[in-house]
Every structure is written in C-alpha cells, then in structure tokens.
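Now for the letters of each chain:
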Amino acid sequence: MLRIPLLLLVLAAYTSAQELVQPGRIVSAKQNGNTVELRCDNARATLTWYSDEIVRVRFARDAFDAERSSAVVLTSGRAISPHVEETDTSIRYSTAAITVEITRGTSRLRLLTPDGRVLTEDNAGFGVTWQGSDVTSHRTLFRDEHFLGMGEKTGPLDRRGRRFVNWNTDFPAYGIEQDPLYVSIPFFIGVHDSLAYGIFFDNTRKTVFDFGASSDGRFMSFSAPAGDLDYYVCAGPTVADVIRQYTTLTGRAPMPPRWALGYQQCRWSYYPESEVLNLARTFREKDIPCDVITLDIHYMDAYKIFTWHPDRFPDPKRLADSLHALGFRLVTIVDPGIKIEKGYPAYEEGLRDGHFVTYPDGTLYIGEVWPGRCHFPDFTNEKTRLWWGRSMRALTDAGVDGFWNDMNEPAAWGQNIPDVVRFGFNGLPASMREAHNVYGLGMARASYEGALKLRPNIRPYTLTRAAYAGVQRYSAVWTGDNLASDEHLMLSSRMVQGLGLSGVPFTGSDVGGFIGDPSPDLMTRWMNLGVFTPFFRAHKHYGGKSAEPWAFGRDAENTMRLLIRLRYRLLPYIEAAFRTHERTGLPVARSLAIEWSHDPMVYDWRFHSEYLFGDHLLVAPVPSTDRRADVYLPAGIWYRFGSDSLFLGGSIHTVTAPIADLPVFVRAGAIIPMRPVGRSTSDSIGDTLELHVWEGGAITAMVYREDDGISVAAPSASTLVEHNPASRSLSWGNTEGRGSFRARVVRLVQHGSNKEGSASVNGVSVPWTVSTPKQRSLTVPFTPQTTITWRD
Ligand code: GLC
C-alpha cells in the first residue's frame, strides 16, 4: 500500500526537477586569484573579476560553453584578488568597488556597493532557473527602478514595463514600437536608490529581456534558449561610470575621419556617373556644404559585390577623382550575399577557399537577396574577414573612401536563414542560432580591418545596419528603414540615445525618413535634428520623390543651407565630443539620464526624446507640425542657442519652435569652439578659431585639438581651454603634441552680456565689440599661455 505513493512522490520530484532546475546549495568554492569556482548541487559557476569594477558571473548546468565572445575585448584582471569573508550562511568577495555575496543554501547572488547598498541581486524566491536548455536570471525589480540601454530598441527611453527580444531583423518601414530590429545589444543599465549598475549578458542567441512587463513588479529577468548564463556586472555607481566600465569591456569607437562627420547625401540610387556628378556640382553651385555622396546598390553589375556596372559607371576611378576634386568623398554600399555565378571572382574565390557558410552535411547554404541566389561569407572566421578585406581593393583602387554594410542581419528574402546553418568561429564551430546576432558585427569588422589594411594610417569609415555589442570598435550604425513621419523623427532621437547608452557613439537615422515623402517642414525639421546627431545623412527609398535639400522649395532650401552650415561651424565641438568618447566611453548624443539619472522628469514621456549633444547643447526634438513646445530643462542655467535668452533649469518651459529653429539650449558656462564654413571639410578652416562662451554656471574645461582629421596617427596640437564664469576669465595653456595650430587668432564671443565693460589679455586691455543685444566679442592672437579676463 505504502509503496505506490512513495514511487509517485519520487516520480513527481523527478518530473519537476526536469521541468525547473535551480543551482541548489554551494558544495564547494575555490578561489584562484581573480576567479572563484563554485560547485553547486545542480550547476557550476564562476565569478571572474575583470577589474575592481567589473565582475563576470557564469552559470552552467554542466560544462561551460567554448569562449567565443565577439564583444568582449578586455582580458580578465589577473592581478585582482578579492577579499573573502565567510559566514555560516554566505560567502562574500569584495574589491574596492563591488562586493559579491553568495548564499550558501541557494547559490543566489547579491551585488553590493562598498558601503553595503544593494546594486542588483537574484530574486529571493528563484534566481537562476533552467527549463530544458532555456536559462533565465530572475532579479529583484526595485521600486522606481528605471532601465536604460538595450541598444537601438524602439519605444520609450525607460525600458521598464517592456519585454525585448534580441534577434537582428530586417523590418522595412518598422513601427514605432517594433521589436526586434536590426541591432542586438544585450546590455542594460538599472537606476534606483541613487545608484546605477549595468549588466551585459554575453549570449548571442535569441535572448529575451523582461523589465517587469508582466510580473506585477515581482522581478525582472533575462533569458537565453541555450548556453551559459554568462553576464558581466558593471558596478557604477553612476550611469556615466557604468558606460565607462562597459566600454572598457567591449571597446570604444576610434576617431572617425572628419569628413564622415560632415553632411552626407544618399538615395537608392544615384546613377549613372553623370547624375552623380550633377548632384555634386549642384551642391557646389548652391553653396550647400556636403562631404559625402553615397552609391546604393545600382552601382554594381547585377548587384554583384566588388563589381561596377559597366554602363552606369564605366570608369569609377574617373568618377572618384572628379568627386575628390570637388571636395567630396565617395561611399559605396556592400551587401554580404555573393551571387552564384560561374566566373564571378568573389564567387569563385569564396568557393575555392571555403569562405561560405554550409549546412551540417557540408553543402553550401543558398539564400536569395538582391543578386538572386547567393552564398554567404562566414565572417566569424578570420580567414574570411581577411579575404573580404582584400576583396575591397576593387573599391579602394577605384577611389572609394568608405563602406556602407547593409543587409547583414543577415537578410535573405523570407528572412529566416535556417538554424542548422554552420559557422566556423575560428575553429569553435556553432550554428546559426549563435552566429545570427554577430553576423553584422563580423562583417563590419571585416570591412573596418580591411580598409585599415588597404590604407594603413587612414581612419576607416564604415557604416552598418546590423550589429551586436562591441560594434563601436568598427563602425557607425544607422537606424535602418524608417518612415517619413513625425513619430519617426521623435523616435530616432531615442534610438540614438539607446545606442549611445550601450556604447555606440556614431549613430543617426535617415534624415527625412527613408520610406515616404516628407513635407518641406518635416524635411527641414529633420535636417535641423540631423545637425545635432552624430551621423548626419539624408537617404531615400527608390520609390520616393527627390529629397535633396533643394527639392522642397526655395524657403526650405535656404533654411537647410543655413542648418547644414551650422553643422560645419560646430565640427570642432563635435570632434571634441568624439574624443571624449575615446577617453570616457560617453556617447556623443547623451541621454539626459546620464547626467540627471535620478531626476524623474528625464524619464517622463513628454521629455524623454531630449538629449545632450556633446557636453553643453541640449536638443529638444519637436514634431514638424508644432510651433510651440514644452521642454524640460534639468537643473542649472540654460540659454536658447541662437537667441541667448536665459532659462532657469529644473522646470518645464513653453518655448517657440519655428521650423528653422529647433529648440536647442546651451548650458551656462559652456565653451563651444566653432570654425568657419567651407564647401566641405577638405576646405581650409582659415586661421580664426571662434571660442563661444556663455555667462554663469560652473567652471568648464575642454581640450581644443587640431589634427589633419584623416590619419590614424597624425601629428596634432592641443591645448586645455578653461572658462571660469565666476572670475570672468577664459584661458588656455601650452600647446601639447607634435603638431602646430593652423588657427592663429582666437575670436572670443561672449554670450549673455552686451555691456561694453573692459577686458584684458594677459594684463593688456582690449575693447569688446558688442555684436547683438546679448553678445560681445574680441579677437586676440592664439599664442600659448593666454588669459583673458573681463569686468562689466
Ligand atoms: C536596405 C537599406 C536601405 C537601402 C536598400 C537598398 O533597405 O536599409 O538603406 O537603400 O536596402 O540597398
């Protein structure tokens, strides 16, 4: 009688163990330098410190996955040896920045600040779970916790209450809540209780992040369908710290060539050669600055990569030379699909040298894209990346300057490349499930490294649509096939913010909207936003009407000319912001949540599209249909950029939003370097450096730097400029670096004051010139060790 229920009990326990497995108790913990190895009842785990501030947590049921991270470039911090404290119930490992506490009975983790405040922790009831191969980390969802990051995702700035899937997807004309799209960056920042932490889940499969979408506040979670639970915690405690830590782990963007920061003109497609030259000449005739003309797929012969269409572009070198002579750079699109065609060199070489992905039986995968039936290069293998890079010679020999990597989700008609397709990963093979989300990253890497090899010491310019964490090391990212609508204009700012919060600084959207025809107002407004966006390119679907700056009537053309000219004036400021990214990881377009992380207004849906462009400009996107807007200005003193009207921060202001003047504000105390405008960045910048400063606020410092804007290692000259609004002075020090400044004079423009008062330069008095009701200026030689002081 007793036997049957017992058997049933055992069976029930066995079945439930099959359904849901948790790590169980800690059986042993062994520390070896910066690594702790844990054996648990049902799992194994390691903790590895990459620095004092970054710890990697890894759980697996049995053996760990092979190490094949495409994202992480930091090597683990071997010299770090966390301090251990053991009690009956837990073990704690501490560095100067973070403590990891593990509960002996459940193997649950809690990560704390040095003063014992919880940054992030496993959910108290169930932390790590496996259901079959599916693994999930359930974590405490703190009251009022905000979630930032996740890359290019649509929707609000604050990811709380939403669920996201990471699976790179080509979705033309995507909706403003569409998910997933082209980019997967499984990284988020949690902000709560005056703290911030970051988690990067380095699992390239189709991961799911749930920021409390349907758990009634019980937990947040992230899951993968298979593989390790392998994540890195960045200790913060500020959002800026998290971004710095995360970009130490996954790398930072190298300085782009200056020309790539100018205005770029694109459409699907400009051809033949005569039309391209016409376009270029029209820019020059109309005196609208422009640096780049981009060729979309029609430049190729039957859409075959690394070829030129014989009739449309019979002599590509001649075209590139003519464009260069007019001060333009030439960028061409490259797609990964290689047309199956006997005698086509890329096809024959790829076949011969084993560069294409295969099915498990060794046969080649075939999918259809623009050229028809194609094979796909395996960018997870170094040999294939090198081959791709060498093949780019067909473009660089013709004088192509930059590479636009498209369709690299990878996209094939019908979307889903079968899961069984095999990838090499340099000898650690895996299937499409693991390769899919890193395909675009691999292609961008191949293009970047290829460009650098073909032209050593020239800064590569690559743009990509698909990406994974770490893509910033190789490429700019644009937000794909958006729509010509005000909703998309507003959304683009949040997609750019999300990318910036996730380590990617060089980003933007198709100005004007890719699909659909913008009204003159929408085009103008978007152009205005583009001025304050790191990547500034107008692009248009082949079905759309002409969308060049002169295609919208005389008024719009005149306005757009002025706006694009403003972009060129701001280039030294924009370059300085890219340099700041190199040093700190901070993006160029910065969500207000980076600096004002604990101000709830920043997450308010009315204001979450606002962001800082560089250190000092606050940009408030406004739909093209509105001429007034409510903007929220965070704590501090602000001026309207352009009019210099003063606004007190910490409150909402209703401001005008004329079509030619997007609400942009500059922070009191700011220094903004500007340069004269040429036809493109190749034109001489003349010998005047303008330094614009705004009254009030805190002491501000910036490094002003000049270099040739194109070499990786060029002689540069730089100097530290400091503005002290309280003591009313602007000064700069010695010239650093091997180069010398081309600027010979500084024109100081002080905003916010129009008194004639007196100024002195290194003790010698100099008169102000009052130029507008709220501006005055003076000009001095740009000699080292100069201090300008003034009184009213
Ligand atoms: C994709 C790209 C788009 C490009 C088109 C043709 O849709 O996202 O920018 O113009 O392909 O190459």
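Rules used throughout
- Residues numbered from 1 in each chain as written.
- Predicted model: local features only at pLDDT ≥ 70, side-chain atom pairs only at ≥ 80, totals over all residues.
- Heavy atoms only, no water.
- Helix = DSSP H or I, 4+ residues; strand = E, 2+ residues; numbered from the N terminus.
- Rg over C-alpha atoms; globule rule 2.2 N^0.38 Å.
- Buried < 20%, exposed > 50% of the residue type's maximum accessible area, 1.4 Å probe, protein only.
- Contact = heavy atoms within 4.5 Å.
- Disulfide = S-S within 2.5 Å.
- Core = buried A, V, L, I, M, F, W, Y, C linked by side-chain atoms within 4.5 Å.
- 1 Å grid on protein atoms, 1.4 Å probe; cavity = no way out; pocket = protein on both sides within 12 Å on 5 of 7 lines; lining within 4 Å.
- Points joined across faces, edges and corners; volume = space filled by probe spheres on them.
- pLDDT = per-residue confidence, 0-100.
- Near = heavy atom within 4 Å.
- Polar contact = N/O pair within 3.5 Å; in protein donor to acceptor, adjacent residues only side chain to side chain.
- Areas by Shrake-Rupley, 256 points an atom, 1.4 Å probe, with all protein chains shown as cover.
- Nonpolar A, V, L, I, M, F, W, Y, C, P; charged D, E, K, R; others polar.
- Axes fitted to C-alpha atoms, helices over the stretch in contact; angles between N-to-C directions.
- Parallel < 35°, antiparallel > 145°, perpendicular 65-115°, else oblique.
- Left-handed = near helix turned anticlockwise from the far one by under 90°.
- Arc of directions from axis to C-beta.
- Pairing = 2+ DSSP bridges.
- Salt bridge = Lys/Arg side-chain N within 4 Å of Asp/Glu carboxyl O.
- Expected span 1.5 Å × (residues − 1).

Enquirer: Would you explain the overall build of the chain in this entry?
Expert: From N to C terminus, the chain includes 14 helices and 53 strands. The C-alpha radius of gyration computed for the chain amounts to 28 Å, which stays within 12% of the reference 28 Å derived for 792 residues, consistent with globular compactness. Expressed along its principal axes, the backbone C-alpha trace of the chain runs to roughly 105 × 70 × 50 Å. Looking at the chain as a whole, 61% of its 792 residues qualify as buried. Restricting to contacts in the chain with at least 6 residues of sequence separation, those with at least 24 account for 67%.

Enquirer: Before we go on, may I ask you to explain the state of the cysteines in this structure?
Expert: Two cysteines, two sulfur atoms, one covalent bond between them: this is a disulfide. Within the structure shown, the criterion is met by zero disulfides. Cysteine C266 shares no disulfide, and the gap to the nearest cysteine sulfur, in C290, comes to 11 Å. On the accessibility criterion, C266 (1% relative accessible area) is buried.

Enquirer: Would you take a moment to explain the environment of R537 for this structure?
Expert: Within the secondary structure layout, R537 lies in strand β34 (residues 537-538). Along the primary structure R537 and I293 are separated by 244 residues, whereas in three dimensions their C-alpha atoms are 9.6 Å apart. Residue contacts for R537: discarding those within four places in its chain leaves Q264, C266, T294, W404, L463, W478, S509, D510 and V511.

Enquirer: Which parts of the structure should I look at to understand the nonpolar core?
Expert: A general trend in soluble globular proteins is that nonpolar side chains are found buried together. I189, F200, W388, F532, L570 and L617 are the most contacted members of the largest nonpolar core, which has 176 residues in total. With residues up to four places along the chain from it excluded, the contact list for F532 reads L566, R567, L570, Y611, F613, L617, V619, F641 and V664. In terms of nonpolar packing, the next biggest core, distinct from the first, is built from 42 residues, V36, V100, L119 and V135 among them.

Enquirer: Mind showing me how you'd approach the layout of surface pockets here?
Expert: The method is simple in principle: a probe with the dimensions of a water molecule rolls over the atoms, and the space it marks as empty is what remains. Taken as a whole, the largest pocket spans an internal volume of roughly 510 Å³. Elements with a minimum of two residues in the lining of the largest pocket: α13 (571-584), β43 (671-674) and β45 (700-706). Examining the composition of the lining of the largest pocket, we find that nine residues originate from one element, α13, more than from any other.

Enquirer: Even after reading the chapter, I still don't get the confidence of the model for the chain, so can you show me in this structure?
Expert: Detailed reading of predicted coordinates is not advised where the pLDDT is low. Chain-level pLDDT for the chain is 96 on average; 98% of the residues reach the 70-or-more range. Ranking the elements of the chain by mean pLDDT puts helix α1 (residues 3-19) last with 51 and strand β31 (residues 476-478) first with 99. This model gives residues 7-15 a pLDDT under 50, and the stretch forms zero contacts once residues within four places in sequence are excluded.

Enquirer: How do you make sense of the site of the ligand when you look at a structure like this?
Expert: The environment of the ligand is made up of W268, D296, I297, I333, W370, W404, D406, R465, W478, D481, F514 and H539. The side chain of R465 places a nitrogen or oxygen atom 2.8 Å from an oxygen atom of the ligand. Within the side chain of H539, an N or O atom sits 2.9 Å from an oxygen atom of the ligand. Across the complex, the protein chains shield 97% of the 310 Å² of accessible surface that the ligand would expose by itself. For the shell around the ligand, the per-class residue count stands at seven nonpolar, one polar and four charged.

Enquirer: Is there a simple way to explain unusual backbone geometry in this structure?
Expert: Excluding glycine, most residues fall at negative phi; most peptide bonds, likewise, are trans. The omega angle of the peptide bond from G236 to P237 is 10 degrees, so this bond is cis rather than trans. The linkage connecting E409 with the following residue, P410, adopts the cis geometry, with an omega of -5 degrees. On the secondary structure map, P410 appears in the loop between β26 (402-405) and β27 (422-423). One non-glycine residue, D193, adopts positive backbone phi at about 45 degrees. If you trace the backbone, D193 turns up in the loop between β15 (187-192) and β16 (195-201). With phi around 65 degrees, S194 is a residue other than glycine that occupies positive phi space. Position of S194 relative to the elements: it lies in the loop between β15 and β16.

Enquirer: Looking at this structure, I do not really get empty space enclosed by the protein. What am I missing?
Expert: Scanning the entire structure with this criterion turns up eight cavities of 30 Å³ or more. Of the volumes computed, that of the largest cavity is approximately 200 Å³. A breakdown of the residues in the lining of the largest cavity according to their chemical character gives two nonpolar, four polar and 10 charged. Each pocket or cavity is described by its volume, and for the second largest cavity that value is around 130 Å³. P254, P460, S475, A476 and F506 are the residues nearest the centre of the second largest cavity, which is lined by 16 residues in total.

Enquirer: For this particular structure, what's the right way to read the packing of helix α6 (residues 382-391) against helix α9 (residues 439-454)?
Expert: Axis angle and axis distance: for two packed helices, these are the angle between their axes and the distance between the axes, and together they describe the pair. One can describe the packing of α6 onto α9 by two numbers: an axis separation of 8 Å at closest approach and a directional angle of 55 degrees. One way to sum up the angle between α6 and α9 is to call them oblique. In this structure, α6 crosses over α9, and the sense of that crossing is right-handed. Of α9, the residues touching α6 (which contributes R385, L386, W388 and G389) are G442, M443, R445, A446, S447, E449, G450, K453 and L454. Here the residues of the contact of α6 with α9 sort into five nonpolar, four polar and four charged.

Enquirer: What is the right way to look at helix α4 (residues 316-325) in this model?
Expert: Side chains three or four residues apart in an α-helix point the same way, a direct result of the helix having 3.6 residues per turn. Of the residues making up α4, those classed as buried are P316, L319, A320 and L323. For α4, the angular spread of buried residues about the axis comes to 95 degrees, placing them on one side. Next to the buried residues of α4 lie α3 (273-285), β21 (292-295) and β22 (329-334). Just downstream of α4, G327 is the residue with a positive phi angle, here 85 degrees.

Enquirer: Is there a simple way to think about the sheet that holds β26 in this case?
Expert: Within a sheet, neighbouring strands are paired by backbone hydrogen bonds and run either parallel or antiparallel to one another. Spatially, β32-β31-β29-β26-β22-β21-β20-β34-β33 is the arrangement adopted by the nine strands of the open sheet, whose pairing is parallel. Both outer strands of the open sheet, β32 (507-508) and β33 (510-511), are each paired with one neighbouring strand and no more. Note that strand β20 (residues 264-267) and β21 share four bridges and pair parallel. When the sheet's bridge partners are listed, Q264 is paired in β21 with V292.

Enquirer: Help me understand the side chain of S215 in this model?
Expert: Considering the arrangement of structural elements, one finds S215 in the loop between β17 (207-210) and β18 (220-224). S215 sits in the buried class, given a relative accessible area of 14%. A polar atom in the side chain of S215 sits 2.8 Å from the backbone oxygen of F219.

Enquirer: How should the pattern of salt bridges be read in this particular structure?
Expert: Side-chain pairs of opposite charge can arise where the charged atoms are in close proximity. Within the structure shown, the criterion is met by 51 salt bridges. Put simply, R627 and D521 hold a salt bridge, and the shortest N to O gap is 2.8 Å. In this pair, R627 sits in the loop between β37 (617-619) and β38 (628-633) while D521 sits in helix α11 (residues 520-531), placing the two residues 106 residues apart along the sequence. For D521, a relative accessible area of 31% translates into the label partly exposed.

Enquirer: I tried to follow the pairing of strand β1 (residues 26-32) on my own but got confused; where do I start?
Expert: Note on strand geometry: in a regular strand, side chains alternate between the two faces of the sheet. Alignment of β1 against strand β2 (residues 35-40), held across six bridges, turns out to be antiparallel. The residue bridging S28 from the neighbouring strand is R39, located in β2. Remark: two residues form the turn of the hairpin made by β1 and β2, two consecutive strands paired antiparallel; G33 in that turn has positive phi of roughly 60 degrees.

Enquirer: Even after reading the chapter, I still don't get α13, so can you show me in this structure?
Expert: Between the first and last C-alpha of α13 there are 20 Å, a value that for 14 residues agrees with the 20 Å anticipated at 1.5 Å per step. Of all 14 residues in α13, 11 are buried, a share of seventy percent or more. Inspection of α13 places L571, P572, Y573, I574, E575, A576, A577, F578, R579, T580 and H581 among the buried residues, and these make up the whole buried set. Positioned one or two residues after α13, G585 has a phi angle of 85 degrees, which is positive.

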